[in-house]
Amino acid sequence: MTGIAFAVATSMVLAAWGFAVVANEQVYGSLATRPTWLILMIVVGAVISEEVVFRATVIPAIEAASSSTALAIAVSTAAFALPHIGYGIAKLPITFAGGLVLGGIFVWRRSLFTTVIAHTLNNLVPLSPVLIRSLS
């Protein structure tokens, strides 16, 4: 329960700090005409796949190969940030910071569920206007 509370708090801090603007209305705009269930499936599916690849797979593999948790988080974070370059090069440091936080949460809790919750909450903040429109 502590891990989930931390994930929620971290997501709120990241959103307040501006991390949530990475996935902005421009990115989610094409989802506005889709049914709500499809929007949520796309968002949650993307989060789960990213967390499985970048946290649950990369971090343990790099830790096993190098015996370095710091290196594992750094590699995982870089691997996570690079595909998000489509949001703009200026937003890459924010995405990188978010990846560091998610990597830290994963290493701290060793829980994919916790990072999925934090990542989903972060992505739902900028998606809120699209979801609200899709419900009306």
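Residues numbered from 1 in each chain as written. Predicted model: local features only at pLDDT ≥ 70, side-chain atom pairs only at ≥ 80, totals over all residues. Heavy atoms only, no water.

Caption draft 1: Region of the structure containing helix α5 (residues 92-109). Between the first and last C-alpha of α5 there are 25 Å, a value that for 18 residues agrees with the 26 Å anticipated at 1.5 Å per step. Every buried residue of α5 is listed here: L92, T95, A97, G98, G99, L102, G103, I105 and F106. R110 sits one or two residues past α5 and shows a positive phi near 50 degrees. (Helix = DSSP H or I, 4+ residues; strand = E, 2+ residues; numbered from the N terminus. Expected span 1.5 Å × (residues − 1). Buried < 20%, exposed > 50% of the residue type's maximum accessible area, 1.4 Å probe, protein only.)

Caption draft 2: Summary view of the pattern of salt bridges. Scanning the entire structure with this criterion turns up two salt bridges. Salt-bridge contacts for E51 lead to R55; the nearest nitrogen and oxygen are separated by 2.7 Å. In this pair, E51 and R55 both sit in helix α3 (residues 36-66), four residues apart, roughly one turn of the helix. Across this residue pair, the class does not change: E51 and R55 are buried. Between R110 and E63 there is a salt bridge, with the nearest N and O atoms lying 2.7 Å from each other. Remark: E63 occurs in helix α3 and R110 occurs in the loop between α5 and α6 (112-135); sequence separation between them is 47 residues. You can call R110 partly exposed: its relative accessible area is 43%. Its relative accessible area of 14% is what places E63 among the buried residues. (Salt bridge = Lys/Arg side-chain N within 4 Å of Asp/Glu carboxyl O.)

Caption draft 3: Spatial organisation of unusual backbone geometry. Backbone geometry at S67 places phi at a positive 60 degrees, although glycine is not the residue there. When you line up the elements, S67 lands in the loop between α3 and α4 (69-81). Backbone geometry places R110, a non-glycine residue, at a positive phi of 50 degrees.

Caption draft 4: Highlighting the packing of aromatic side chains. Tallied over the full model, the rule gives one aromatic pair. Judged by centre distance (5.8 Å) and plane angle (75 degrees), the ring pair of F54 and F80 falls under edge-to-face. Of the two residues, F54 sits in helix α3 while F80 sits in helix α4, which places them 26 residues apart along the sequence. With relative accessibility at 11%, the residue F54 sits in the buried group. Directly above the aromatic system of F80 lies the positively charged group of R55, at a separation of 4.5 Å from the ring centroid. Here the guanidinium or amino end of R109 rests over the ring plane of W108, the centre of that ring lying 5.0 Å away. (Phe/Tyr/Trp six-rings, centres within 6.5 Å; stacked < 30°, edge-to-face > 60°. Lys NZ or Arg CZ within 6 Å of the ring centre and 35° of its normal.)

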